[in-house]
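Summary of structural features
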Amino acid sequence: MEESIRTVAELTIYYKRQRLMSLIFDTKETADAFFETLNGFLNEKGKREYSFSGEIKTVYSGDRIINELNDWMDNKIEPKDTILDLIKILDRLN
């Protein structure tokens, strides 16, 4: 049975080009609304000092990670995104 892929939106806030925090939202629309509201409160100085970036990320369960790693070892899939990053970390441990 195919497991559906769940994603979240990550909004990262920077202050003077340094990462201040990242917030996770259930949908891109929620993250966009939060950004628009926060950005609306900033004056010109705030707009120069604060910046934002956004990214859609996949949410992985333990079973999903194991299944994708098994599929990769069986040459059924080519790793990408977070799974590829995980494989690189595991590879450095050996």
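Here, every reference points to the structure presented above.
Sequence order as written defines residue numbering, which begins from 1 separately in each chain. Selection of residues for local features in this predicted model requires a pLDDT of at least 70, selection of side-chain atom pairs for listing and counting requires 80 or more, and totals for whole chains, interfaces and linings are taken over all residues. By convention in this description, side-chain values take in all heavy atoms of the structure and omit both hydrogens and water.

Comment: elements are numbered from the N terminus, with helices defined as DSSP H or I runs of at least four residues and strands as E runs of at least two. In terms of regular secondary structure, the protein chain is built from four helices and three strands. Reading the protein chain from its N terminus to its C terminus gives the helix and strand order β-β-α-α-β-α-α. The C-alpha radius of gyration computed for the protein chain amounts to 18 Å, which surpasses the reference 12 Å derived for 94 residues by more than 25%, pointing to a less compact arrangement than a globule. Taken along the three principal axes of its C-alpha coordinates, the protein chain extends 55 × 35 × 20 Å. Within the protein chain, residue pairs in contact and separated by at least 24 positions form 45% of the contacts whose partners lie at least 6 positions apart. For the protein chain, the exposed area adds up to about 7,600 Å²; of that, 51% sits on carbon and sulfur atoms. Averaging the locations of the 14 positively and 18 negatively charged side chains of the protein chain gives two centres separated by 10 Å. We take the radius of gyration over the C-alpha atoms and set the globule estimate at 2.2 Å times the residue count to the 0.38 power. In this analysis, two residues are considered to be in contact whenever any of their non-hydrogen atoms come within 4.5 Å of each other. Every accessible area reported is derived by Shrake-Rupley at a probe size of 1.4 Å, with residue values counting cover from the shown protein chains alone. By the counting rule applied here, Lys and Arg register as positive and Asp and Glu as negative, while His and the ends of each chain are not counted. Think of each charge as sitting on NZ of Lys, CZ of Arg, CG of Asp or CD of Glu.

On to helix H3 (residues 62-73), then. For a helix, the expected span equals 1.5 Å multiplied by the residue count minus one. For H3, built from 12 residues, the straight-helix expectation of 16 Å at 1.5 Å per residue is met to within 8% by its first-to-last C-alpha distance of 17 Å. Phi for Asn75, located one or two positions after H3, is positive at around 60°.

Let's shift gears to the packing of aromatic side chains. Here is the rule: rings of Phe, Tyr and Trp (six-membered ring for Trp) pair when centre to centre is within 6.5 Å. Planes less than 30 degrees apart are stacked, more than 60 are edge-to-face, and the remainder are tilted. Going through the model one piece at a time under the given rule, you end up with three aromatic pairs. Look at Phe25 and Phe34: their rings are 5.3 Å apart centre to centre, the planes differ by 40°, and that puts the pair in the tilted class. Only protein chains enter the accessibility calculation, which uses a 1.4 Å probe; a residue whose area is less than 20% of its type maximum is buried, one above 50% is exposed, and one in between is partly exposed. Judged by relative accessible area, which is 33%, Phe34 ranks as partly exposed.

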